[in-house]
Each structure stands twice: as C-alpha cells, then as structure tokens.
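A look at the structure
Each chain, written out:
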Amino acid sequence: MPRKPRKNQEGRFYHVMVQGIGKEYVFPDDDCKGYYLRCLQKAKQYCQAKLLAFCVMDNHAHILTVVKNIEELSKYFRRINADYAL
C-alpha cells in the first residue's frame, strides 16, 4: 500500500527511508555506502536542506533532515538518488 503524500509544513523535520525494490541490497559494501554519503553532502549545495542524522545499511537508509518546504525535500532526494544511481 503506498504512503500518503507528505503535507507541506515549512521548516519541519522529515524522516526519509530509501530502499531498493524487493529489499535488494543497494549499498552492498563500504565503498557504496561512502559514495551515498558523499551524494548526501553534495546535494546540499543545490538544495535548501539541513542533514541532521543518517544511517546507511546494506538494503536501506534512514535520513533525518530539515527543509524549507516540501518541494526542497523532493528536489534534495531526487538529486541524491539520481547521482547514486548513475
């Protein structure tokens, strides 16, 4: 069942979970995890996002962030996940 859309609440904390289809391993080794962390940092240059906490595991990641608005959250994670996928 898909999640409900996030409400646009300015300056709020957001917990975001990223995972692969079928819970496949998307971060299989330390090099991949390190590269994803670099993508998290790099994307902050292009988006108004503050990275507060993260936990990257083999098959998913949890990220706690604060953004100005919901559009920035979308822009931030679109950038991160596109960079990592490429």
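Above: the structure in question.
To start, this report covers the structure provided alongside it. (Residues numbered from 1 in each chain as written. Predicted model: local features only at pLDDT ≥ 70, side-chain atom pairs only at ≥ 80, totals over all residues. Heavy atoms only, no water.)

Digging into a nonpolar patch on the surface
- There is a patch of nonpolar side chains on the surface, built from Phe13, Leu52 and Leu64 and spanning about 280 Å² of accessible area.
- Residue position: leucine 64 is located in strand 3 (residues 60-67).
- Leucine 64 sits in the partly exposed class, given a relative accessible area of 31%. (Patch = residues over 30% accessible without salt bridge, like charges linked within 9 Å, V, L, I, M, F, W, Y side chains within 5 Å. Areas by Shrake-Rupley, 256 points an atom, 1.4 Å probe, with all protein chains shown as cover. Salt bridge = Lys/Arg side-chain N within 4 Å of Asp/Glu carboxyl O. Helix = DSSP H or I, 4+ residues; strand = E, 2+ residues; numbered from the N terminus. Buried < 20%, exposed > 50% of the residue type's maximum accessible area, 1.4 Å probe, protein only.)

Description of helix 2 (residues 70-85)
- Helix length check: helix 2, at 16 residues, gives a terminal C-alpha distance of 22 Å against a target of 22 Å (1.5 Å per residue), a fit within 8%.
- Within helix 2 the residues assigned to the buried category are Ile70, Glu72, Leu73, Tyr76, Phe77, Ile80 and Asp83.
- Of the surrounding elements, those touching the buried residues of helix 2 are strand 1 (13-19), helix 1 (30-43), strand 2 (49-56) and strand 3.
- Its side-chain oxygen at 3.1 Å from the backbone nitrogen of glutamate 71, asparagine 69 defines the N-terminal cap of helix 2. (Expected span 1.5 Å × (residues − 1). Contact = heavy atoms within 4.5 Å. Polar contact = N/O pair within 3.5 Å; in protein donor to acceptor, adjacent residues only side chain to side chain.)

Topic: the side chain of glutamate 72
- With respect to the element layout, glutamate 72 can be found in helix 2.
- With near-sequence residues (within four places) excluded, glutamate 72 lies in contact with Cys47, Gln48 and Val67.

What about the packing of helix 1 against helix 2?
- Where helix 1 contacts helix 2, the two axes come as close as 9 Å, and the packing angle between them is 145°. Considering the relative orientation of helix 1 and helix 2, their crossing is right-handed. Judged by residue contacts, Cys32, Tyr35, Tyr36, Cys39, Leu40, Lys42 and Ala43 of helix 1 engage Tyr76, Phe77, Arg79, Ile80, Asn81, Asp83 and Tyr84 from helix 2.
- Here the contact of helix 1 with helix 2 is composed, by residue class, of ten nonpolar, one polar and three charged. (Axes fitted to C-alpha atoms, helices over the stretch in contact; angles between N-to-C directions. Left-handed = near helix turned anticlockwise from the far one by under 90°. Nonpolar A, V, L, I, M, F, W, Y, C, P; charged D, E, K, R; others polar.)

Some remarks on helix 1
- Compared with an ideal rise of 1.5 Å per residue, which puts 14 residues at 20 Å, helix 1 spans 20 Å between its outermost C-alpha atoms and is within 8% of the ideal.
- Where helix 1 is concerned, the buried positions are Lys33, Gly34, Tyr36, Cys39, Leu40 and Ala43.
- Contacts made by the buried residues of helix 1 are with strand 1, strand 2, strand 3 and helix 2.
- Structurally, the start of helix 1 carries an N-cap: the backbone nitrogen of aspartate 31 is 3.1 Å from a side-chain oxygen of aspartate 29.

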